[in-house]
Amino acid sequence: MMKIDEKPTRKEPHKRPISPRKHRWLIITLVIVLAVGGILYSLADRYLIRHVQVVVADENTATVATGNANDSSSTTTTTTEVNATSDDWNYSSDDMKVNIEKVQTGSGSDQITYYVADVQLTDASSLRTALADNSFGTNITENTSEIAAANNAIFAINGDYYGFRDDGVIIRNGTLYRESPTRDALALFNDGTMKTYNENEISSSELLAEGATNTLSFGPILIQDGEIVSDFSSVKIDNNFGNRSIQDANPRTAIGMIAPNHYVFVVVDGRQDDSRGMTLAELADVMKGLGATGAYNLDGGGSSTMYFMGRVVNNPLGRNQERGVSDILYLTEGQGS
């Protein structure tokens, strides 16, 4: 007979032990999840997450008046008066002359549309570079037009997208930001000249001593010492994830020098119905035909953008839609040396 204060004992449910096979699969699943998560974070950190290394002092302290002499409505509020005339394709002042032409060649699927800006300066300091968000680092981007407008640019093109890579020699407006020599590069100097060079053969201190104001690290060199570089078949800019081949016909951006303080800039539309883009060899031929004694290929593809007097001249991405970039080359008045 059961005592009054006794409670019936309950049987504990039988727990089946995890089989070794199931235990093994749980561990494998956990390892896979951690590995995939690590890879995704690594990719995001490399290509998406902003890393600001240096905040650049805002040198754009003065605004400048630019406008068409026949249209007073285009003149803006200023602190430095500049006598200039302009229209949709031309700009002229005491310090610079800019002429832009739209060129179309071929037809049908072989048609190419590109834009040529002929630029003559009286002072090399009018040609400058600017960084997205006034910051040096990786994954810091703004549209070319946004960076240009923030710096009172009259004319601008996209630069070398230095922020997509962690190597190269990067000098901007006389300041050295990165010294990791890797490839053939371009240097602009305070006497209005430019030269292409191998980063492993000339140090940044030598370049600065010679008066280098800016270096661009992308490539390849198109024209050197007046001659087209003969072989573009083995060109390799970097090994980053998702790179396209740069040998095929693509949108392009390039800079060339005809003579000191006389530059030519070319932006080629591509990957669209009315323009297939250019190969590197075709781009070199165009630069040669324009009289460039030296020429250098900059970042292209969706980055290729030409800006002039408040508007984007070309058709980026074939949709009139800019892609964010890390830097630009631009022209402005009143900066001084």
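Residues numbered from 1 in each chain as written. Predicted model: local features only at pLDDT ≥ 70, side-chain atom pairs only at ≥ 80, totals over all residues. Heavy atoms only, no water.

Comments concerning the pattern of salt bridges
Under the counting rule described, the total for this entry stands at 6 salt bridges. Between Arg276 and Asp110 there is a salt bridge, with its nearest N and O atoms 2.7 Å apart. Remark: Asp110 occurs in the loop between strand 4 (96-105) and strand 5 (112-121) and Arg276 occurs in the loop between strand 17 (262-268) and helix 4 (280-289); sequence separation between them is 166 residues. For Arg276, a relative accessible area of 23% corresponds to the partly exposed category. Between Asp167 and Arg183 there is a salt bridge; the shortest N-O distance is 2.9 Å. Of this pair, Asp167 sits in the loop between strand 8 (155-158) and strand 9 (168-172) while Arg183 sits in the loop between strand 10 (175-180) and strand 11 (184-189), placing them 16 residues apart in sequence. With respect to class, Asp167 is no different from Arg183; both count as buried. Beyond isolated ion pairs, a larger network of salt bridges with shared partners links Asp110, Arg276 and Glu282. (Salt bridge = Lys/Arg side-chain N within 4 Å of Asp/Glu carboxyl O. Helix = DSSP H or I, 4+ residues; strand = E, 2+ residues; numbered from the N terminus. Buried < 20%, exposed > 50% of the residue type's maximum accessible area, 1.4 Å probe, protein only.)

Observations regarding the side chain of Asp327
Within the element layout of this structure, Asp327 appears in strand 21 (residues 327-331). Owing to a relative accessible area of 1%, Asp327 belongs among the buried residues under this scheme. Separated by 3.2 Å, the side chain of Asp327 and the backbone nitrogen of Asp160 make a polar contact. A polar side-chain atom of Asp327 sits 3.0 Å from the main-chain amide nitrogen of Tyr161. With residues near it in sequence (within four places) discarded, Asp327 still touches Ala130, Leu131, Ile147, Asn158, Gly159, Asp160, Tyr161, Tyr162, Arg172 and Leu216. (Polar contact = N/O pair within 3.5 Å; in protein donor to acceptor, adjacent residues only side chain to side chain. Contact = heavy atoms within 4.5 Å.)

Observations regarding the nonpolar core
Note that soluble globular proteins tend to have their nonpolar side chains buried in a common cluster. Membership of the largest hydrophobic core comes to 41 residues, with the highest contact counts inside it found for Phe155 and Ile255. Sorting elements by how many residues they give to this core places strand 11 first, with 5 residues. Apart from residues no more than four positions distant in its own chain, Phe155 is found in contact with Val98, Ile100, Ala117, Phe265, Met306, Tyr307, Phe308, Leu329, Tyr330 and Leu331. Ile223, Val264, Leu283 and Ala284 belong to the second largest nonpolar core, which has 18 residues in total. (Core = buried A, V, L, I, M, F, W, Y, C linked by side-chain atoms within 4.5 Å.)

Quick notes on the pairing of strand 6 (residues 127-131)
Counting buried positions along strand 6 gives 5 out of 5 residues, so the element sits mostly inside the fold. The alternating pattern of strand 6 places Leu127, Thr129 and Leu131 on one face and Arg128 and Ala130 on the opposite face, and all of these are buried.

Considerations on helix 4
Every buried residue of helix 4 is listed here: Leu280, Leu283, Ala284, Val286 and Met287. Taken down its axis, helix 4 places every buried residue within 160 degrees of arc, on the same side. Buried residues along helix 4 sit in contact with strand 5, strand 14 (221-224), strand 15 (227-228), strand 16 (252-259), strand 17 and strand 18 (294-297). A positive backbone phi angle near 95 degrees is found at Gly291, which sits one or two residues after helix 4. (Arc of directions from axis to C-beta.)

A short note on unusual backbone geometry
Residue Gly219 is joined to Pro220 through a cis peptide bond whose omega torsion reads 10 degrees. Residue placement: Pro220 occurs in the loop between strand 13 (212-216) and strand 14. With a phi close to 50 degrees, Tyr161 is a non-glycine residue in the positive phi region. Tracing the sequence through the fold places Tyr161 in the loop between strand 8 and strand 9. Judged by relative accessible area, which is 17%, Tyr161 ranks as buried. The backbone of Asp225 sits at a positive phi, close to 55 degrees, despite the residue not being glycine. By the element assignment, Asp225 lies in the loop between strand 14 and strand 15.

Remarks on the environment of Leu127
Among the structural elements, Leu127 can be located in strand 6. Considering only alpha carbons, one finds Leu127 and Thr213, 86 residues apart in sequence, at a separation of 9.6 Å. Beyond its immediate sequence surroundings of up to four residues, Leu127 is in contact with Leu121, Leu188, Asn214, Tyr263, Phe265, Leu329, Tyr330 and Leu331.

Focus on the sheet that holds strand 15
Read from one edge to the other, the open sheet built from 9 strands follows the order 2-3-4-5-17-16-18-14-15, with strand pairing classed as antiparallel. Edge strands, defined here as strands with exactly one partner in the open sheet, are strand 2 (84-86) and strand 15. Here 10 bridges tie strand 4 to strand 5, and the two strands are oriented antiparallel to one another. Bridging across to strand 5, Gln104 finds its partner in Thr113. Sitting on the sheet, helix 4 touches strand 5, strand 14, strand 15, strand 16, strand 17 and strand 18, and the angle it makes with strand 14 is about 35 degrees. (Pairing = 2+ DSSP bridges. Axes fitted to C-alpha atoms, helices over the stretch in contact; angles between N-to-C directions.)

Here's the deal with the confidence of the model for the protein
Averaged over the protein, the pLDDT score is 86; the fraction of residues at 70 or greater is 80%. Counting contacts from residues 61-79, a segment whose pLDDT is below 50, to residues more than four positions away or on other chains yields 37 contacts. (pLDDT = per-residue confidence, 0-100.)

Some points on the packing of aromatic side chains
Within this structure, the stated rule accounts for 5 aromatic pairs. Ring plane angle 5 degrees and centroid distance 4.7 Å describe the contact between Phe136 and Tyr162, whose orientation is recorded as stacked. Here Phe136, found in strand 7 (residues 135-138), pairs with Tyr162, found in the loop between strand 8 and strand 9; they are 26 residues apart in sequence, far enough to count as distant. Ring centres of Phe136 and Tyr177 lie 4.9 Å apart, and the angle between their planes is 15 degrees; on these two criteria the pair is classed as stacked. A residue pair is termed long-range when its members are at least 10 positions apart, and Phe136 in strand 7 and Tyr177 in strand 10 qualify at 41 residues. Under the relative-accessibility criterion, Tyr177 is labelled buried at 19%. One aromatic cluster is present, formed by Phe136, Tyr162 and Tyr177 through successive ring pairs. In this structure, Arg311 packs its charged tip against the face of Trp89, placed 4.8 Å from the ring centre. (Phe/Tyr/Trp six-rings, centres within 6.5 Å; stacked < 30°, edge-to-face > 60°. Lys NZ or Arg CZ within 6 Å of the ring centre and 35° of its normal.)

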